[in-house]
Amino acid sequence: MSTAPTPPAAASRAGMKKELPERFKSYKHVWVFIEYEHGEIHPVSLELLGEGRKLADKLGVELIGAVLGGNRAAMQDAVVEAWEYGADLVYVVADPTLEHYRNDPYTRVMTDLVNNYKPEIILLGATVLGRDLAGAVATTLLTGLTADCTELAIDDEGSLAATRPTFGGSLLCTIHTLNFRPQMATVRPRVMAMPGRTKGRQGRVIEHAANLQEFDIITKVLRFLPDRNSNKVQLAYADIVVAGGLGLRSPENLQLVRALAEVLGGEWGGSRPLVQKGWMEAERQIGQTGKTIRPKIYIAAGISGAIQHRVGVEGADTIIAINTDKNAPIFDFAHFGVVTNAIEFLPALTTAFRKRLSVNRLAS
Amino acid sequence: MAAIQERFDAIVVGAGPSGNAAAYTMAKGGLKVLQIERGEYPGSKNVQGAILYADALERIIPDFREDAPLERHVIEQRIWVIDDSSHTGMHYRSEDFNEEKPNRYTIIRAQFDRWFSSKVREAGAIVLCETTVTELVKDTKGNVIGVRTDRQGGPLLADVVVLAEGVNGLVGQRAALRDELKPENVALAVKEMHFLPQEVIESRFNLKGDGGVVIEAMGTVTKGMTGTGFLYTNRESISIGIGCIVDDIRKSGMTPYNLLDSFKQHPSIAPLIAGSEVKEYVAHLIPEGGFRAMPETQGNGWLVVGDAAHLVNAVHREGSNLAMTSGRVAGETIVWLKRRREPCTAANLAEYRKRLEDSFVLKDMRKYRKIPALLHNNRHLLNLYPRIMSTAAQTWLRVDGKAKKAKETEIIQRLRTQRGLTGMLADGWRLARAWR
Amino acid sequence: MHIVVCIKQVPDSAQIRVHPVTNTIMRQGVPTIINPYDLFALEEALRLRDWLGGEVTVLTMGPPMAEESLRKALGIGADRGVLLTDRFFAGSDTLATSYALAQAVRKIGETWGIPEIVFTGKQTIDGDTAQVGPGIARRLALQQLTYVAAVQEVDLENKTITVLRRAEGGVQELKTAIPALITMLEGTNEVRRGTIADVLRGARAELVVWNAQTAGITDVSNCGLRGSPTVVKRVFAPKPRATKAVQIEVGDRDMGTIAEDVIARLYAVQPALEAALLRTAAAY
Ligand SMILES: Cc1cc2nc3c(=O)[nH]c(=O)nc-3n(C[C@H](O)[C@H](O)[C@H](O)COP(=O)(O)OP(=O)(O)OC[C@H]3O[C@@H](n4cnc5c(N)ncnc54)[C@H](O)[C@@H]3O)c2cc1C
Ligand SMILES: Cc1cc2nc3c(=O)[nH]c(=O)nc-3n(C[C@H](O)[C@H](O)[C@H](O)COP(=O)(O)OP(=O)(O)OC[C@H]3O[C@@H](n4cnc5c(N)ncnc54)[C@H](O)[C@@H]3O)c2cc1C
Ligand SMILES: Nc1ncnc2c1ncn2[C@@H]1O[C@H](COP(=O)(O)O)[C@@H](O)[C@H]1O
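Residues numbered from 1 in each chain as written. Chains lettered and ligands numbered in written order. Predicted model: local features only at pLDDT ≥ 70, side-chain atom pairs only at ≥ 80, totals over all residues. Heavy atoms only, no water.

Visitor: Just to check I follow, could you spell out the sheet that holds strand β7 (residues 145-149) of chain A for this structure?
Guide: Hydrogen bonding along the main chain pairs the strands of a sheet, whether they run parallel or antiparallel. All names here are of chain A. Strand order in the open sheet made by the seven strands is β7-β11-β6-β1-β4-β5-β12, with parallel pairing throughout. The open sheet has two free edges, formed respectively by β7 and β12 (204-207), since each of these has just one partner strand. Each adjacent strand pair in this sheet contributes to an overall mean axis angle of 25°, direction not counted. The pairing of strand β4 (residues 63-69) with strand β5 (residues 89-94) spans six bridges and is classified as parallel. Bridge pairing in β5 links L68 to V93. (Pairing = 2+ DSSP bridges. Helix = DSSP H or I, 4+ residues; strand = E, 2+ residues; numbered from the N terminus. Axes fitted to C-alpha atoms, helices over the stretch in contact; angles between N-to-C directions.)

Have a look at this one:
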């Protein structure tokens, strides 16, 4: 991925059409790295299977999952899940050294898989794990990697066109890996839609040996401390999100956001300055450098709608913005706008929702 | 906190046009100069678009045109008197302004200040950014001998401190070298940058190449307050803003933003900025109290330049040139004293004041010394006359079957009832006296 | 102990504008800053130096004007600044960038002692890939520790390091061998303000400036555009949404009425919503 691409340079290179070197011609099929930890597949991998399916169909090749873990028996559920979400084949590498994620063994195994089975495309989730692994694998293979893609497509020449934001989200750029294989890309959670699951769909599985020895691996995991509140902050996957910005004027007023979220059974979050000011934890930041969300309803109170915020919320089905400034950029992409003081309006909205819900609950 | 033993010839507080001119002149003159700026970089705290008067800079950096970030040179000036729906204007445009070394340019201060600062560094001065001078350090006799900053360590010592800290002048104030600013002596200007493609700007203003237009507008836009609206064309943007005396704004209960909004919506202005992308809203003070509001300009171990010395010519909207000239003159004076191995005492630094008096800076300041008070005490000047002018122009231009003689009478009649003959004569007299 | 910190000078993306017609970046006048994430790496390095002794070298690859960011880093407290600048580096993607930086780190090691730790930021705000750190680690065969929240222990004698690392769903405590490469998580420490002595030194310091050749890069085909497998084919502005928000009338209506209005509109566009809300609300 090019850092800070400049259009002129891009133009001059775009014209160059290079023949794929002979050694890469046998590289085939679309792979999704299946992020499997603590007995579960990360939802982003399922989203990628959905996206990978489309790419594979376009190319007329197979969609293949690669799952790494410590205990083969426990991994069977993941294999089945991958099939049901669209994988034709799953490579499974089970080895005690792979029980907890560590860069070194995972990089070695992934590199080994690639060199053995030669995929043309590999997709990984842009999670902490995925980013850690993708960078190391791409460097080892000396191939291109495009991070945080928002759109993936196959161009007329059959190469992967990976589109991602650049310059802080002000622009998008489409990046190709022309004469190297595999073409690698990461995608953030919630950027792609979750595909449907076909219960009972089956595929093939190939077991691959890791050939690793624990004494050979220098980095040791001494402890894993699960996030205490990891079940609480589920912003990225919440159906309803209420968020506040600097327009709330004081940390106390965040309570108004929380109250509305609670009535709606949703999550709450905010814009970046609230984190910088210490009004809320970083986990709750929404936007380019925070979480991407894809809720059914997003309510933004006192948020101006800067591009970095916008890119994190655009996937929402319905966006309601409350802002005192009728020219605030958020009204350029919200579906409904209320030009008023959020500090007064939020409580009214909370009360109105509460009233309606309780009346209708009694009725039903 | 151990003192840093090193001693500088001069410390300059602030890296605006005045501070840069002073630091550059002294560094070029071989002095060991330390300049301190609180912004992240020079220009980061400064208002965005402005007019640069070439002459003042040329006397400091003769070949500045080679690499300074200049936007357009001004080939046309429009002076508009506006009422709610119209403007009566005087436009002056001349090919002569397309000269080899143009006289006025539009600039973007953030870029220009940065460039100027790079010249200061090249000249050998040390420039520290993100550092705020918190107070002046004085010796037991009350002579200024250095500064303290908000960073650990110091104080920083020097033979002379040049206060180029801009309009607020807090450092000077804290050291009791000057009084607090009075709300009737400062204007608050708000300003926005409107981005538009170069071609659009050129077609809207009938420009080609690097030529540019300046519009100054007075009248009802300021809602009866003393002030003006302005618009400058940059290469790919338009700077637009409005400034009014703080005291007036306070009394009117208006927000500066409302004022700017109504200026932008004025039918003569709106089409010029239509479809632009707005960026960078800034508010900044301008010292407009004139000569009579000036603080002391020098003392033992210190002198003041630029806005901090209240050197702005509000009538002609000149500021940066007075700032650069005062900075240069201050720098030259200090270099001159150093060469003669004279200490920077109040008596010796009085040479700075003398040189300022000899330059256009204090001559102009003196000339307009009565204007601020005049405008302050005669609110109707900027409100009533524009209306009168506009109706007069309209009556005159509208072809509606009325005889020209009747129109003349109507116009004069309206003037009489709206202001009265004596009132008008008095206004004229006062204005003429203030101008003299 | 010797620590190298890689910092990048980036345009302050909050101030970037896109030309409304040509959709190109209007770079003019966009101020540059040290990539904010890199400052956390720098602070962590300084903290370790203050604790264990040694030196911190900051390294940046960029145009000559990137010198500014090095001076700034010295002003915060770093000991030495190295600028890697050459036209061969222009147009580098992350693979080519990590190659050049890795070579420079190697040369820094040869010149002033092999670094025990190389720090990078978590990611940049312009490239925003988080790939350069892992890239450098791989090329120099350093242990790779990404998203590190805290360095807990450095044992110089046994050459080990223990860190807390942000992982999915929790924090890993990892122990590994040095030399290692750490990409530092943001918000993990408070970046210090240099003293007057630091900023004066930063302003005056002689910086080390290397081009490809003096940095020991013999094969420039791994650098710049030539060394970059990825190609940017198109740069374009995001599609603006065709329609602006439907404004709910406010006027003099009281907040309650407006709220009712908003809810009615919501239920109208999302017919299944009310039932879903009732279900979750019932679950309370
Ligand atoms: C590299 C980089 C990454 C970034 N990443 C992110 C990110 O991930 N997420 C993010 O959010 N930002 C991010 N930002 C910051 C972003 O550019 C904006 O600064 C930020 O989103 C603005 O937050 P805000 O809307 O809360 O505040 P402001 O821009 O200050 O807006 C406040 C809004 O509230 C309105 N308002 C004021 N009072 C009231 C009231 N009483 N009732 C209703 N409305 C009111 C105002 O009209 C205004 O529109 C990033 C910036 C950079 C440079
Ligand atoms: C909206 C507006 C439009 C204008 N348009 C024009 C125009 O078109 N043409 C024109 O000639 N003039 C114009 N002026 C006036 C002109 O901007 C000023 O006269 C000029 O900038 C004065 O320069 P200066 O160096 O004295 O002060 P400034 O430019 O204000 O610089 C002062 C510097 O000192 C720094 N500073 C302040 N306190 C400290 C401290 N304690 N420690 C460290 N640093 C400190 C500040 O950050 C700042 O960088 C305009 C002014 C405004 C507000
Ligand atoms: N040109 C560069 N010079 C020095 N360090 C860099 C450069 N580019 C990237 N880095 C480092 O690599 C990290 C990750 O960058 P990126 O992969 O672009 O997100 C940054 O936080 C920097 O520490």
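Structure's up, so let's keep going.
Visitor: What's the story with the packing of aromatic side chains in this structure? I'm lost.
Guide: Aromatic rings in a pair are described by how distant their centres are and how their planes are angled relative to each other. Residue and element names in this part refer to chain A. Tallied over the full model, the rule gives 12 aromatic pairs over all chains. Their ring planes at 80° and their centres at 5.4 Å tell us that F24 and Y27 sit as a pair that is edge-to-face. With respect to class, F24 is no different from Y27; both count as buried. Relative to F180, the ring of F24 has its centre 6.2 Å away and its plane inclined at 55°; by these criteria the two rings are tilted. Placement of F24 in the loop between α1 (7-14) and β1 (30-34) and of F180 in the loop between β10 (171-177) and β11 (183-187) is noted, with a sequence separation of 156 residues between them. (Phe/Tyr/Trp six-rings, centres within 6.5 Å; stacked < 30°, edge-to-face > 60°. Buried < 20%, exposed > 50% of the residue type's maximum accessible area, 1.4 Å probe, protein only.)

Visitor: When you look at the arrangement of the chains in this model, what are you seeing that I'm missing?
Guide: With two pairs of chains in contact overall, the greatest share of contacts is found between chains A and C. Between chain A and chain B there is no contact, and the shortest C-alpha to C-alpha separation is 11 Å. (Contact = heavy atoms within 4.5 Å.)

Visitor: Is there a simple way to think about the site of ligand 1 in this case?
Guide: Not every one of the 30 residues close to ligand 1 is listed here, only the nearest: R249(A), S271(A), T289(A), S304(A) and Q308(A). Per-site note: the chains with residues close to ligand 1 are chains A and C. At a separation of 3.0 Å, an oxygen atom of ligand 1 approaches a polar backbone atom of R272(A). Within the side chain of N341(A), a nitrogen or oxygen atom sits 2.8 Å from a nitrogen atom of ligand 1. About the coverage of ligand 1: the protein hides 84% of its 990 Å² of free accessible area. Elements that contribute at least two residues to the shell around ligand 1 include exactly α7 (272-276), α8 (307-313) and α9 (342-363) of chain A. Grouping the amino acids of the shell around ligand 1 by side-chain chemistry returns 10 nonpolar, 17 polar and three charged. (Near = heavy atom within 4 Å. Polar contact = N/O pair within 3.5 Å; in protein donor to acceptor, adjacent residues only side chain to side chain. Areas by Shrake-Rupley, 256 points an atom, 1.4 Å probe, with all protein chains shown as cover. Nonpolar A, V, L, I, M, F, W, Y, C, P; charged D, E, K, R; others polar.)

Visitor: Just to check I follow, could you spell out the UniProt feature "domain: Electron transfer flavoprotein alpha/beta-subunit N-terminal" (unreviewed entry) in chain A for this structure?
Guide: Following the UniProt record, one finds the feature "domain: Electron transfer flavoprotein alpha/beta-subunit N-terminal" (unreviewed entry) at residues 30-221 of chain A. A helix fraction of 31% and a strand fraction of 32% characterise residues 30-221 of chain A, whose end C-alpha atoms lie 32 Å from each other. (UniProt positions renumbered as here; feature names shortened; annotations may be inferred.)

Visitor: Before we go on, may I ask you to explain the interface of chain A and chain C in this structure?
Guide: Accessible area lost during the coming together of the parts is what is often quoted as the interface size. Facing 98 residues of chain A, the contacting portion of chain C comprises 91 residues. For the pairing of chain A and chain C, the buried interface totals around 8500 Å² over both sides, and the portion due to carbon and sulfur atoms is 58%. The tally of links from chain A across to chain C stands at four salt bridges. Here E260(C) makes a salt bridge to R356(A), at a shortest N to O gap of 3.8 Å. Viewed at the interface, chain C and chain A are joined by 23 residue pairs in polar contact (both at pLDDT 80 or more). Ranked by residue count, the leading element in the side of chain A that touches chain C is α9(A), at 11 residues. Grouping the amino acids of the side of chain A that touches chain C by side-chain chemistry returns 44 nonpolar, 32 polar and 22 charged. Of the pairings in the sheet, the one linking strand β18 (residues 336-338) of chain A to strand β15 (residues 246-247) of chain C comprises two bridges and is parallel in character. The partner of G337(A) across the bridge, within β15(C), is Q247(C). (Buried area = accessible area lost by both parts, 1.4 Å probe. Salt bridge = Lys/Arg side-chain N within 4 Å of Asp/Glu carboxyl O.)

Visitor: Before we go on, may I ask you to explain the environment of G142(B) in this structure?
Guide: Residues and elements named next belong to chain B. Locating G142 in the fold gives a position in the loop between β8 (133-138) and β9 (144-149). Overall, G142 belongs to the partly exposed group, its relative accessible area being 36%. Sequence-wise, G142 and G301 are 159 residues apart; in three dimensions their C-alpha atoms are separated by 9.4 Å.

Visitor: Sorry if this is basic, but what is going on with the domain arrangement of chain A here?
Guide: Residues and elements named next belong to chain A. One can read the domain layout of chain A as domain 1 (25-216) and domain 2 (235-356). Together domain 1 and domain 2 conceal approximately 970 Å² of surface at their shared face, both sides included; 45% is due to carbon and sulfur atoms. The three residues of domain 1 that bury the most area against domain 2 are G168, R188 and R190, which together make up 63% of that side's buried surface. Along the contact surface separating domain 1 from domain 2 lie zero salt bridges. Inspection of the domain 1/domain 2 interface yields eight residue pairs in polar contact (both at pLDDT 80 or more). Here the residues of the side of domain 1 that touches domain 2 sort into six nonpolar, four polar and three charged. (Domains from an automatic or database assignment.)

Visitor: Even after reading the chapter, I still don't get the nonpolar core, so can you show me in this structure?
Guide: The tendency in soluble globular proteins is for nonpolar side chains to be buried side by side. Formed by 77 residues in total, the largest nonpolar core has its most connected members in M26(B), F64(B) and F116(B). Counting residues per element, this core draws most heavily on helix α9 (residues 320-339) of chain B, which supplies seven residues. In contact with F64(B), not counting residues within four places along its chain, are L52(B), A54(B), L57(B), E58(B), L70(B), Y105(B) and W115(B). Counting residues in each nonpolar core, the second largest holds 41 residues, with L248(A), I258(C), V262(C) and L273(C) among its members. (Core = buried A, V, L, I, M, F, W, Y, C linked by side-chain atoms within 4.5 Å.)

Visitor: What should I look at first to understand helix α3 (residues 72-84) of chain A in this one?
Guide: Because the α-helix completes a turn every 3.6 residues, residues three or four places apart line up on one side. Residues and elements named next belong to chain A. Along its 13 residues, α3 runs 19 Å from first to last C-alpha, staying within 8% of the 18 Å computed at 1.5 Å per residue. The set of residues buried in α3 consists of M75, A78, V79, E81, A82, W83 and E84. Where α3 starts, the residue carrying a side-chain oxygen 3.0 Å from the main-chain nitrogen of A73 turns out to be N71. One or two steps after α3, the chain reaches G86, where phi turns positive at roughly 125°. (Expected span 1.5 Å × (residues − 1).)

Visitor: Before we go on, may I ask you to explain the packing of helix α1 (residues 17-28) of chain B against α9(B) in this structure?
Guide: The geometry of a pair of packed helices is captured by two quantities: the angle between their axes and the separation between those axes. Residue and element names in this part refer to chain B. Their axes nearest at 7 Å, the elements α1 and α9 cross at an angle of 30°. Taken together, the axes of α1 and α9 are roughly parallel relative to one another. Crossing hand, α1 versus α9: right-handed. Judged by residue contacts, P17, S18, A21, A22, T25 and M26 of α1 engage S320, A323, M324, G327, R328, G331, E332, I334 and V335 from α9. Looking at the contact of α1 with α9 residue by residue, the classes come out as eight nonpolar, five polar and two charged. (Parallel < 35°, antiparallel > 145°, perpendicular 65-115°, else oblique. Left-handed = near helix turned anticlockwise from the far one by under 90°.)

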